[in-house]
Amino acid sequence: FLSEEKFVTSLECFKEEDGIISFFFNVVEKRKKKSSNQIIEGKLNIISKKIDINLLLNIDTETHNGAGKILILDSENLFLSFSAPDIDKYVAQDLEDIRGKIVLINIKSKNYKVYSSGHRNPQGIILDNYNNFFATEHGPYGGDELNLILHNKNYGWPLTSDGLESR
């Protein structure tokens, strides 16, 4: 936690050969009109104790990203989740808007594309031992979800929800 305006939402790392640990983390920075997700890439040499940190990618959004979870897919790709704001929840259905999506980021080219859409607030993302991709998601008033995430699938928020209406 850096400050109320700048905070880390996720950290993922993996051990490479020769004592090198690679890591990625997402820093959300709230601004007045836009917020940014700064995906930071780093390498730690555990033998020499040398650390290198670089900005991999900066993705601006209209609201802060309360999800912002990173999952390393392989040596060239990672996933990043984006929440849809309650005030403008229909952006989860707009494929031109990054909010309410899980994106696949190519580490080498620094390009990203929408992997799945229709998410409200994907908080936990994981690959199991069989390479099934799962995400947990907060519902609005209950109705939390565990979803098997498939490429190009729309998970329906806000058009479908098992959450209850506000009382």
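Data block above holds the structure.
Cut-offs applied
Residues numbered from 1 in each chain as written. Predicted model: local features only at pLDDT ≥ 70, side-chain atom pairs only at ≥ 80, totals over all residues. Heavy atoms only, no water. Helix = DSSP H or I, 4+ residues; strand = E, 2+ residues; numbered from the N terminus. Rg over C-alpha atoms; globule rule 2.2 N^0.38 Å. Buried < 20%, exposed > 50% of the residue type's maximum accessible area, 1.4 Å probe, protein only. Areas by Shrake-Rupley, 256 points an atom, 1.4 Å probe, with all protein chains shown as cover. Lys, Arg positive; Asp, Glu negative; His and termini not counted. Charge placed at Lys NZ, Arg CZ, Asp CG, Glu CD. Pairing = 2+ DSSP bridges. Axes fitted to C-alpha atoms, helices over the stretch in contact; angles between N-to-C directions.

*Asks:* Tell me about the overall build of the chain, and name the residues and values.
*Replies:* Helix and strand content of the chain: zero helices and 11 strands. In the chain, the succession of helices and strands from N to C terminus is β-β-β-β-β-β-β-β-β-β-β. Taking 15 Å as the expected radius of gyration for a compact globule of 167 residues, we find that the chain reaches 16 Å, a close match to that expectation. On the principal axes, the C-alpha backbone points of the chain span a range of 55 × 40 × 30 Å. Buried positions account for 42% of the 167 residues belonging to the chain. Carbon and sulfur atoms make up 50% of the accessible area of the chain, which amounts to about 9600 Å² in all. Computed over 20 positive and 24 negative side-chain charges, the inter-centroid distance for the chain is 4 Å.

*Asks:* Quick one: what's the story with the sheet that holds strand E1 (residues 6–15), residue by residue and with numbers?
*Replies:* Sheet architecture is open: four strands sit in the order E1-E2-E3-E4, paired in antiparallel fashion. Each edge of the sheet is formed by a strand with only one pairing partner; in this case those strands are E1 and strand E4 (50–61). Ignoring strand direction, the axes of neighbouring strands in this sheet form an average angle of 15 degrees. Sheet topology note: the strand E3 (residues 35–45)/E4 ladder contains 11 bridges and is antiparallel. Looking across to E4, one finds that Glu-41 is bridged to Asn-54.

*Asks:* Which residues make up the sheet that holds strand E10 (residues 133–137), and what values do they have?
*Replies:* Read across the sheet, three strands follow the order E9-E10-E11 without closing on themselves; strand pairing throughout is antiparallel. Strand pairing shows two members of the sheet lacking a second neighbour, strand E9 (122–127) and strand E11 (145–148), which therefore form its edges. If you compare each strand with its neighbour and ignore which way they point, the axes differ by 20 degrees on average. Relative to E10, E9 runs antiparallel, the two sharing five bridges. In the strand pairing of E10, Gly-124 is matched with Thr-136.

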